[in-house]
Amino acid sequence: MSPASTGASTVVGAASSVPVVDDTRMTPGGPGYRRMSLALFLAGVATFALLYSTQALLPLISGDFGVAASEASWTVAAATGGLALFVLPMSALSERYGRRTVMTASLAVAVTVGLLVPFAPSLGALVVLRAVQGAALAGLPASATAYLAEEVRPRALVTAIGLFVAGNSVGGMSGRVITGWVAQEWGWRVAVAVIGVLAVGCAIAFRLLLPAPRHFTAGSLRPRVLARTVREHLANPLLCRLYAIGALFMTVFGGVYTVVGYRLTEAPFSLPQGIVGSIFLVYLVGTVSASTAGRLVGRLGRRGALYLAAGTTATGLLLSLADSLPMVLLGLVLITAGFFAGHAVASSAVSRTATTGRAQASALYQSAYYIGSSTGSTVGALAFHSGGWAGTVGVGVLAVLGVVAITVLGTRAARVAARREPVPAH
């Protein structure tokens, strides 16, 4: 294995070669690590707060524009779909112009659009603005994970990415809780305006805190080079399995959290909008499960951690079928914990598996991930319209079974590869 793939350099002496740890990469407790962690945490907060700013407000948007849940859900699907479509081109820009530059520009455009969203005159205009916002945010996820893969020592990578994912969960939670209570008093337009202002603060702090990259090497923007890199990643069976796992986990999560507001505002719960928004406090569980993903992988291995995440998510889906608010809340807690753990494990595995074109590898994962979100939002809402909450849960269970099936295939492939490895000569 080359030094570049291990994060170590080699010093050649007269008699021997001695591996030396690259001390310029960041590590927990080392110089710049806390600033970097906080900066990317805030970027994660802004990304998810903006991306899902309308999700908890869908019942109010439906009422304001006189549309059904399946139509209002496009305000979420358009944002995640825009991100999915543009994440690969944005990752190419980050290879050429730098991770920090692209992340800064992406946040600047996204928060600007976020300040325009409250003034959308129609559902169509709102969907278009949300699609533009999602496309702008595409510069964040892949660039952030590529930045971490380059600037953080490999052994600390899962933990570092887990902290970024934890920022996603805090952003998703705070955005939904804040919008729920603000919308109850002043309407959904004021609520999304508040999120826009919050994101502006996060964007400014991110730019001031994030250390300048020290290990970035500019790549090429030539389409042939990009296409070759993408083909190489898609030809890697492990990467393809990880992409599919991310998409399926997000199908569950997108469907559940797009529809749950409708379920809780209807009988037998009939909760007010502020209380429905507060339900998203369960995202704190995701913050914990994502940030501890590194320890989980250390104990169970990557596939063991994925099995546990899938089982936890499936259990939560089944518990949420009960017409009991405590059981629904417990179900959401388990769904959230399982999803964020699975996402952190899969996304960090992508960064460690790809030794070249990391931004493209991460971009393909993020594209699959947000296609899953758009699919979950749309299909979950349609299933709810036709079959109620049980229909949405059914979609989620099928997605979780897909995660398990893919992980089983990965386990078998690993065993076959291990048997084929030649036995070292003694």
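Bear in mind that the values here come from a model prediction, so they are computed numbers and not experimental data.

Quick notes on the rules
- Residues numbered from 1 in each chain as written.
- Predicted model: local features only at pLDDT ≥ 70, side-chain atom pairs only at ≥ 80, totals over all residues.
- Heavy atoms only, no water.
- Helix = DSSP H or I, 4+ residues; strand = E, 2+ residues; numbered from the N terminus.
- Buried < 20%, exposed > 50% of the residue type's maximum accessible area, 1.4 Å probe, protein only.
- Contact = heavy atoms within 4.5 Å.
- Patch = residues over 30% accessible without salt bridge, like charges linked within 9 Å, V, L, I, M, F, W, Y side chains within 5 Å.
- Areas by Shrake-Rupley, 256 points an atom, 1.4 Å probe, with all protein chains shown as cover.
- Salt bridge = Lys/Arg side-chain N within 4 Å of Asp/Glu carboxyl O.
- Lys, Arg positive; Asp, Glu negative; His and termini not counted.
- Charge placed at Lys NZ, Arg CZ, Asp CG, Glu CD.
- pLDDT = per-residue confidence, 0-100.

### A short note on unusual backbone geometry
Then comes step 1: Of the consecutive residues Ala267 and Pro268, the connecting peptide bond is found in the cis state with omega at 10°.
Then comes step 2: Tracing the backbone shows Pro268 in the loop between α12 (237–265) and α13 (273–278).
Then comes step 3: Unusually for a residue other than glycine, Ser270 sits at a positive phi of about 50°.
Then comes step 4: Positionally, Ser270 belongs in the loop between α12 and α13.
Then comes step 5: The exposure class of Ser270 is partly exposed, given its relative accessible area of 47%.

### With respect to the environment of Ser278
Then comes step 1: Considering the arrangement of structural elements, one finds Ser278 in helix α13.
Then comes step 2: It is 31 Å that separates the C-alpha atoms of Ser278 and Gly402, two residues lying 124 residues apart in sequence.
Then comes step 3: With residues up to four places along the chain from it excluded, the contact list for Ser278 reads Val177 and Trp181.

### Considerations on a positive patch on the surface
Then comes step 1: On the surface, a cluster of positive charge is contributed by Arg222, Arg224, Arg228 and Arg231.
Then comes step 2: Mapped onto the secondary structure, Arg224 falls in helix α11 (residues 223–234).

### A short note on a nonpolar patch on the surface
Then comes step 1: On the surface, Trp186, Val190 and Val194 cluster together into a nonpolar patch covering about 300 Å² of accessible area.
Then comes step 2: The residue Trp186 is located in helix α9 (residues 157–186) in this model.

### Observations regarding the confidence of the model for the chain
Then comes step 1: Residues with a pLDDT of 70 or more make up 92% of the chain, whose mean pLDDT is 85.
Then comes step 2: For the chain, helix α1 (residues 3–6) is the element with the lowest average pLDDT, namely 34, and helix α7 (residues 123–137) is the one with the highest, namely 96.
Then comes step 3: Segment residues 1–22 is flagged for pLDDT under 50; beyond a separation of four residues in sequence, or across chains, it makes 25 contacts in the model.

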